[in-house]
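Below, each chain spelled out in residue letters.
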Amino acid sequence: MTDRDESVRLAVYRALARTGQLPTVSAVAKDTGLDHPAVEDAIEALAAARHLALDADGRIVLAHPFAARNFGFSVMCERTLWWGGCAWDSFAIPHLVPDEPSVLVATTCPACGTPHAWVVTRSEEPAGEQVAHFLVPVSRAWDDVVHTCAHQRIFCSPSCVDNWLRRSGHERGAVFGIGALWRLASRWYEGRLDTPYRRREPSEAAAYFASVGLTGPFWGQ
């Protein structure tokens, strides 16, 4: 990653972490000392390198774990409200944002609409009988990352997952408990608000998934 791209990446991520809002191109330009075309070029380069996801109009929609629109999860602390990009990202935000010891993650079951909420901290797994269902294997997550994130959801129970799969026509992905989701999220984004940021290689990612109890072909093993 070039210095230009890294400076824009950091400005976008830190603004989202601090405010929950996507910064404007002007704000990023002021923060980085770049002109508008350079910022726009850097955003395109970051998307090509899978550090950001853009919509059809070239606007940032995902800067994991933060989202710029509703993906079914709100993440609230005393001073800030974020959109979480998915179940994984929503549980990751309190681990990434150092000044917030806890957040309230809220969503609804995609199968039956039942509301769910958890107080998520960095210190212990939240209680809950709900289950996460991830539809897309990690090796294909970036084929259409917006679709992937939209289908990393939390259900009331395995029976709700089954009901949703029957209605939607999708095949079953990975189903696991809230504790495993918290462990998955806990260290995944370490360093993302620092510089320089180095993303895990596929083998390192597979080892990380195994370390939190998620194994098998779905997880790249």
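In this report, the structure presented in the accompanying data block is examined. (Residues numbered from 1 in each chain as written. Predicted model: local features only at pLDDT ≥ 70, side-chain atom pairs only at ≥ 80, totals over all residues. Heavy atoms only, no water.)

**Concerning the packing of helix H1 (residues 3-19) against helix H2 (residues 25-32)**
As a packed pair, H1 and H2 sit with axes 10 Å apart at the nearest point and diverge in direction by 120 degrees. By the angle between their directions, the pair H1 and H2 is classed as oblique. For the element pair H1 and H2, the recorded crossing hand is right-handed. When H1 is examined against H2, the residues Ser7, Val8, Ala11 and Val12 are found in contact with a partner set consisting of Val28, Asp31 and Thr32. Looking at the contact of H1 with H2 residue by residue, the class counts come to four nonpolar, two polar and one charged. (Axes fitted to C-alpha atoms, helices over the stretch in contact; angles between N-to-C directions. Helix = DSSP H or I, 4+ residues; strand = E, 2+ residues; numbered from the N terminus. Parallel < 35°, antiparallel > 145°, perpendicular 65-115°, else oblique. Left-handed = near helix turned anticlockwise from the far one by under 90°. Contact = heavy atoms within 4.5 Å. Nonpolar A, V, L, I, M, F, W, Y, C, P; charged D, E, K, R; others polar.)

**Focus: the layout of surface pockets**
Approximately 770 Å³ is the volume found for the largest pocket. Along the walls of the largest pocket sit 32 residues, with Val138, Ala141, Trp142, Trp188 and Arg199 positioned nearest its centre. Among the elements of the structure, helix H4 (87-96), helix H5 (145-150) and helix H8 (202-211) are those that each provide at least two residues to the lining of the largest pocket. The dominant element in the lining of the largest pocket, judged by the number of residues it contributes, is H8, at four residues. For the lining of the largest pocket, the class distribution of residues is 18 nonpolar, six polar and eight charged. (1 Å grid on protein atoms, 1.4 Å probe; cavity = no way out; pocket = protein on both sides within 12 Å on 5 of 7 lines; lining within 4 Å. Points joined across faces, edges and corners; volume = space filled by probe spheres on them.)

**Overview of the environment of aspartate 3**
Mapped onto the fold, aspartate 3 is located in helix H1. With relative accessibility at 68%, the residue aspartate 3 sits in the exposed group. Along the sequence, aspartate 3 and alanine 210 sit 207 residues apart, while their C-alpha atoms lie 33 Å from each other. (Buried < 20%, exposed > 50% of the residue type's maximum accessible area, 1.4 Å probe, protein only.)

**Structural notes on the packing of aromatic side chains**
The description of an aromatic ring pair rests on the distance of the ring centres and on the angle between the ring planes. If you walk through the whole model with that rule in mind, you get 13 aromatic pairs. Taking 6.1 Å as the distance between ring centres and 50 degrees as the angle between the ring planes, the aromatic pair formed by phenylalanine 134 and tryptophan 219 counts as tilted. Here phenylalanine 134 is found in strand S8 (residues 131-134), whereas its partner tryptophan 219 is found in the segment after H8, with 85 residues between them in sequence. Of the two residues, phenylalanine 134 and tryptophan 219, neither departs from the other in class, the shared state being buried. Put simply, the rings of Trp88, Phe134, Phe176, Trp188, Tyr208, Phe209, Phe218 and Trp219 touch in pairs and so form one group of aromatic residues. Taking the ring centre of tyrosine 13 as reference, the NZ or CZ of arginine 9 above it sits at 5.5 Å. Over the ring of tyrosine 208 we find arginine 200; its NZ or CZ atom is 4.5 Å from the centre of that ring. (Phe/Tyr/Trp six-rings, centres within 6.5 Å; stacked < 30°, edge-to-face > 60°. Lys NZ or Arg CZ within 6 Å of the ring centre and 35° of its normal.)

**Focus: unusual backbone geometry**
The peptide bond linking histidine 64 to proline 65 adopts the cis configuration, its omega dihedral lying at 10 degrees. In this structure, arginine 50 is a non-glycine residue whose phi angle is positive, near 65 degrees. With respect to the element layout, arginine 50 can be found in the loop between helix H3 (36-48) and strand S1 (53-54).

**Details of the sheet that holds strand S10 (residues 174-177)**
Strand order across the open sheet formed by three strands is S9-S8-S10, with antiparallel pairing between neighbours. Whereas interior strands pair on both sides, the edge strands pair on one side only; in this sheet they are strand S9 (152-155) and S10. On average, each strand axis in the sheet is tilted by 25 degrees relative to the strand beside it, whichever way the strands run. Here four bridges tie S8 to S10, and the two strands are oriented antiparallel to one another. Bridge pairing in S10 places phenylalanine 134 opposite alanine 174. Helix H6 (residues 158-168) contacts S8, S9 and S10 of the sheet and is inclined by roughly 30 degrees relative to S8. (Pairing = 2+ DSSP bridges.)

**So, the sheet that holds strand S2 (residues 60-63)**
With antiparallel pairing, the seven strands of this open sheet are ordered in space as S1-S2-S3-S5-S4-S6-S7. The open sheet terminates on both sides in strands that have one partner only, identified here as S1 and strand S7 (115-121). Note: strand S6 (residues 102-108) against S7, seven bridges, orientation antiparallel. Considered in S7, the bridge of valine 103 is made with valine 120.

On their own, these measurements won't tell you what the molecule is for.
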